[in-house]
Amino acid sequence: MMGDGALDELRGRLSGRVFIPADAGYDEAREVFNVMHDKRPAVVARCVSADDVAVCVDVARRKGVLVAVRSGGHSVAGNSTCEGGVVIDLAGLRRVGVDPEARTARAGGGVLWRDFDAATQAHGLHTPGGRMSTTGVGGFTTGGGYGWTSSKYGLTCDNVVSAEVVLADGSVVRASAEENADLFWGIRGGGGNFGIVTEFEFRLHELGPIVLAGLALWPLDRAREVMSAWRDIVDEAPDELSSLCAILTAPPEEFIPDHLKGQAAMGIAAMYVGDPEAGVEVVQPLKDLAPEVDLIQPVPYTAFQANIDPAFPHGFRSYWRGEYMNSLSDDAISAFTENAPEVQAAGIPFSEMLLLRVGQAIQTVPDDATAFSHRDAKYMFHPISIWADPADDDHVIAVNRAFCEAMHSFTTGAAYLNFTGEDRVREAFGDAKYARLVALKDRYDPDNLFRLNQNIRPSSHAGEPALA
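Presented here is a report on the structure given in the accompanying data block. (Residues numbered from 1 in each chain as written. Predicted model: local features only at pLDDT ≥ 70, side-chain atom pairs only at ≥ 80, totals over all residues. Heavy atoms only, no water.)

Glancing now at the environment of T142. Secondary-structure assignment places T142 in helix α5 (residues 137-142). Take T142: its relative accessible area is 9%, and that puts it in the buried class. The spacing of T142 and V160 is 18 residues in sequence and 9.6 Å in space, taken between C-alpha atoms. In terms of polar contacts, T142 uses its side chain to reach the backbone carbonyl oxygen of G139, at 3.4 Å. (Helix = DSSP H or I, 4+ residues; strand = E, 2+ residues; numbered from the N terminus. Buried < 20%, exposed > 50% of the residue type's maximum accessible area, 1.4 Å probe, protein only. Polar contact = N/O pair within 3.5 Å; in protein donor to acceptor, adjacent residues only side chain to side chain.)

Considering all chains together, one arrives at 18 aromatic pairs under this definition. A centroid spacing of 6.0 Å and a plane angle of 80 degrees characterise the contact between W113 and F140, whose relative ring orientation is edge-to-face. Note that W113 is positioned in helix α4 (residues 113-121) and F140 in helix α5, a separation of 27 residues in sequence. Each member of the pair, W113 together with F140, is buried. Ring geometry for W230 and Y379: centres 5.9 Å apart, planes at 65 degrees, overall edge-to-face. Here W230, found in helix α8 (residues 223-236), pairs with Y379, found in strand β20 (residues 379-387); they are 149 residues apart in sequence, far enough to count as distant. Owing to a relative accessible area of 0%, W230 belongs among the buried residues under this scheme. Judged by relative accessible area, which is 1%, Y379 ranks as buried. Three or more aromatic residues joined by ring pairs make a cluster, and in this case those are W113, F116, F140, F200 and F202. In this structure, R131 packs its charged tip against the face of W148, placed 4.7 Å from the ring centre. (Phe/Tyr/Trp six-rings, centres within 6.5 Å; stacked < 30°, edge-to-face > 60°. Lys NZ or Arg CZ within 6 Å of the ring centre and 35° of its normal.)

Quick look at the environment of F403 now. Note on placement: F403 falls in helix α12 (residues 393-407). For F403, a relative accessible area of 2% puts it in the buried group. Here the alpha-carbon distance between F403 and P383, two residues 20 residues apart in the chain, equals 8.3 Å. Apart from residues lying up to four places away in sequence, F403 is in contact with A335, F336, N339, A340, V343, M353, F381 and P383. (Contact = heavy atoms within 4.5 Å.)

On to unusual backbone geometry, then. At the junction of G208 and P209, the peptide bond is cis and its omega measures out at 10 degrees in the coordinates. Tracing the backbone through its elements, the reader meets P209 in the loop between β11 (205-206) and β12 (210-219). With an omega of 5 degrees, the peptide bond running from I348 to P349 counts as cis. Structurally, P349 can be placed in the loop between α11 (330-345) and β19 (352-357). Positive phi values are uncommon outside glycine, yet A290 reaches one of about 55 degrees. Counting through the fold element by element, A290 comes out in the loop between α9 (276-287) and β15 (293-294). For H374, which is not glycine, the phi torsion reads 60 degrees and is therefore positive. Here H374 lies in the loop between β19 and β20. The exposure class of H374 is partly exposed, given its relative accessible area of 21%.

To continue, consider the sheet that holds strand β8 (residues 160-166). Strand pairing within a sheet occurs via backbone hydrogen bonds; the two strands may be parallel or antiparallel. Sheet architecture is open: 5 strands sit in the order β5-β6-β10-β8-β9, paired in antiparallel fashion. The open sheet has two edge strands, β5 (96-99) and β9 (172-176), and neither has a second partner. Recorded for the sheet is a direction-independent mean angle of 15 degrees between the axes of neighbouring strands. Strand direction decides the pairing type here: strand β6 (residues 104-108) and strand β10 (residues 196-203), joined by 5 bridges, are antiparallel. If you follow A105 over to β10, its bridge partner there is F202. This element, helix α3 (residues 50-63), spans β8, β9 and β10 of the sheet and lies at about 45 degrees to β8. (Pairing = 2+ DSSP bridges. Axes fitted to C-alpha atoms, helices over the stretch in contact; angles between N-to-C directions.)

Right, here's the structure in full:
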């Protein structure tokens, strides 16, 4: 718990705002995306600099205060808040600086992808980012980062050039291939276990401002046929074609035929990562599947990045999973299309059962180059359950888990931690890489100050249960 001495020290040393339960604005400051994790921290410290973050870390370490770190996005697992401790809120670190000649950009730890995309697209540049513009750069990047353009340019973490990191002892260091290289390796896929990233430097690539992208919809009774055809198309497609399949609720928009509005439907979202004109021929096989709604067309990259934002509103209850697959067999397609509608129906209208084509350029990076693992996976299924009523918690989660169990024989058994709430850390890295991560944790955070995350427990805490 936060004592008066620690609170007074934070108030005296921070440049940013400090919120406690008695303050106006406290409830807004502690809000979380997934209200299943609605907690009351003793303090929300809204940092505006790396020095502010270092102060929070220093005070928390010396006073024995529980620490949660919020980089601004979703944290579906609830790790960006805590009960009775301090939330180190990076919302004040929102600056994005672009060097178009060097093709690099620096982004504060509290930046959202919509901030980053707006700044970089002004120069016709980008780096792979979250498929929702409300995603936070920090957690997304340190956890790996599958974006729409990862098929061509790799994971977000593969495009990190350097990072400013506040360590558990309160010091501020730079991590890159030349400086603190072991830390640089760990923060690219190892999550927030080794420090708090207050600034990222990213490599940029040409793209936009217009791309060929959008959503196509079919009636649910065509799901198996369409998904089978989609698999055959994307398995042979160039890396420039990025796409996913989904069982979702068709929105009540004017461009949706009346018989599909509010109904479960089969969807394909696709993007050509390059010149829109060059993408016409590559995308055409998807259009040839005769969708009843075809919105795959030239659009601003920033608009496509924000396209599904309305389907993921703040303030609801969420349970997500991310499970890897090495292939997509006919039996796997049957299992997906037979079970996904029940999960979608348990959380209308926002729940979506996704199946992503991954691999591609992600596989070109050696597995031991970063902490991120399982680059050899070709697919990932990603069931997203979103609902409003707490009385539905047990049912919705049970249906989602049953779906994952029905798909289990088609998976590798490994998890993508950015999409996962359970303790799946060992499965996410494998034994050898997990041992290397523990050694890194022993060096940078031996007391496990940074433990509200997908936790790599140091050797001295190896027998402790996972904290959620």
